[in-house]
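Chain and residue survey
Next come the chains, spelled out residue by residue.
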Number of protein chains: 2
Amino acid sequence: MAEDINAAPPFRRRVPEGDDRERLVCDSCGFIHYENPKIVVGSVARWGDRLLLCRRAIEPRRGYWTIPAGYMELAETSEEGARREAWEEARADLALDGLLAVYNIARISQVQLIYLARLTSDAVAAGPESAEVALVGWDDIPWDELAFPSVVWALRDYRRLLDRPGGLTGDFAPFGNPPGDRGDRRPAGL
Amino acid sequence: MAEDINAAPPFRRRVPEGDDRERLVCDSCGFIHYENPKIVVGSVARWGDRLLLCRRAIEPRRGYWTIPAGYMELAETSEEGARREAWEEARADLALDGLLAVYNIARISQVQLIYLARLTSDAVAAGPESAEVALVGWDDIPWDELAFPSVVWALRDYRRLLDRPGGLTGDFAPFGNPPGDRGDRRPAGL
Ligand SMILES: [Zn+2]
Ligand SMILES: [Zn+2]
């Protein structure tokens, strides 16, 4: 679903008149293609003390495990998007309990809004982008086979929330990137 | 700074092969222009008990008052974007204290990340997109001359935070849209 800038041969980078940054300008028609950061919406979704994970059936990171998440679409809210992604990837119906985290991956101009959620049923199943889905206890999380650093961040931040006084109840501030990490380093395998 | 889709005459909406949604496709070169929701980053920035407001020098809503906010740029984090916008619009240097609110404006596919911030100095000045800037006490907020509904939301949510036990200190969950409002109704004047 990622926008592939490389698929646009007639576009060239230059500073349009009256602007102060390079933009993609179409050589054939002059259209200015503004590039914007993209929003990923996702969730740490729990069923009792187990968490919903999906094994990716598509690149990047095919075969690795992730939380349900994907690009927000037009005309939906971020909450609607997080619920849609859980349905698309795991046939899971979610109730959202709050914003667990806002992560910035500056390297790829991505902002991730990750919600804390509860499954309304444990009847989950792999959608077209998943090879399999599973409800996994904390001790069974396949840490070495997680697809992206931000999946690790989200699971750890969930655990931090669980372990604080009050646990998952009450107000909490969303977590952010690990201190000092702008998400600008390319992780191994990506 | 808004992307003007109407400025792209050769683009036509159709469903590309292998996709399930209409996209903008360039008639002259076949480029698929994926449209994504856009991120606005901004802040409710305080100096003592006064708040930073900017009177807009540009459309839309020229002459109306807003909090410093604008489109997030590529390769920056949302926090960096909120600080950049405050500098661009009000020559204000900010320290961020947390995420005050996440607003969805589904009508225009916009997600707003609004931070609670402190000015590090009261030496503010209008940037190129502002006609004037002001540090305004709560009782002097020009409610009838605010530029956008989400500016009203942000100021009210700041006030809610201030009035809760603990005030602006300690953890708080970000506010969201007013209940039942997806941001899908066109406000008067917009
Ligand atoms: Zn073109
Ligand atoms: Zn073209």
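A brief structural summary. (Residues numbered from 1 in each chain as written. Chains lettered and ligands numbered in written order. Predicted model: local features only at pLDDT ≥ 70, side-chain atom pairs only at ≥ 80, totals over all residues. Heavy atoms only, no water.)

Consider a sheet: its strands pair through backbone hydrogen bonds, and that pairing is either parallel or antiparallel. Residues and elements named next belong to chain A. Taken in spatial order, the 3 strands of this open sheet run E1-E2-E3, and their pairing is antiparallel. Each edge of the sheet is formed by a strand with only one pairing partner; in this case those strands are strand E1 (11–14) and strand E3 (32–33). With 2 bridges connecting them, strand E2 (residues 23–26) and E3 associate as antiparallel partners. Bridging across to E3, Val25 finds its partner in Ile32. (Pairing = 2+ DSSP bridges. Helix = DSSP H or I, 4+ residues; strand = E, 2+ residues; numbered from the N terminus.)

This part is about the pattern of salt bridges. Residues and elements named next belong to chain A. Applying the stated rule across the entire model yields 32 salt bridges over all chains. In this structure, Asp97 and Arg118 form a salt bridge, with 2.7 Å as the shortest nitrogen-oxygen distance. With Asp97 in strand E8 (residues 94–105) and Arg118 in strand E9 (residues 110–119), this pair connects stretches of sequence that are 21 residues apart. Overlapping salt bridges, with partners in common, bring together Glu76, Arg84, Glu85 and Glu88 in one network. (Salt bridge = Lys/Arg side-chain N within 4 Å of Asp/Glu carboxyl O.)

This part takes up helix H2 (residues 149–163) of chain B. For H2 of chain B, which comprises 15 residues, the first-to-last C-alpha distance of 21 Å matches the rise-based estimate of 21 Å (1.5 Å per residue) to within 8%. Those residues of H2 of chain B lying buried are Ser150, Val151, Val152, Trp153, Ala154, Leu155, Asp157, Tyr158 and Leu161 of chain B. (Expected span 1.5 Å × (residues − 1). Buried < 20%, exposed > 50% of the residue type's maximum accessible area, 1.4 Å probe, protein only.)

With that settled, the discussion passes to the packing of aromatic side chains. Inspection of every chain in the model, using the stated rule, returns 5 aromatic pairs over all chains. For the pair Tyr103 of chain B and Trp153 of chain B, a centre-to-centre distance of 5.3 Å together with 70° between the ring planes defines the contact as edge-to-face. Note that Tyr103 of chain B is positioned in strand E8 (residues 94–105) and Trp153 of chain B in helix H2, a separation of 50 residues in sequence. By relative accessible area, Trp153 of chain B is classed as buried at 11%. Directly above the aromatic system of Trp138 of chain A lies the positively charged group of Arg159 of chain A, at a separation of 5.2 Å from the ring centroid. (Phe/Tyr/Trp six-rings, centres within 6.5 Å; stacked < 30°, edge-to-face > 60°. Lys NZ or Arg CZ within 6 Å of the ring centre and 35° of its normal.)

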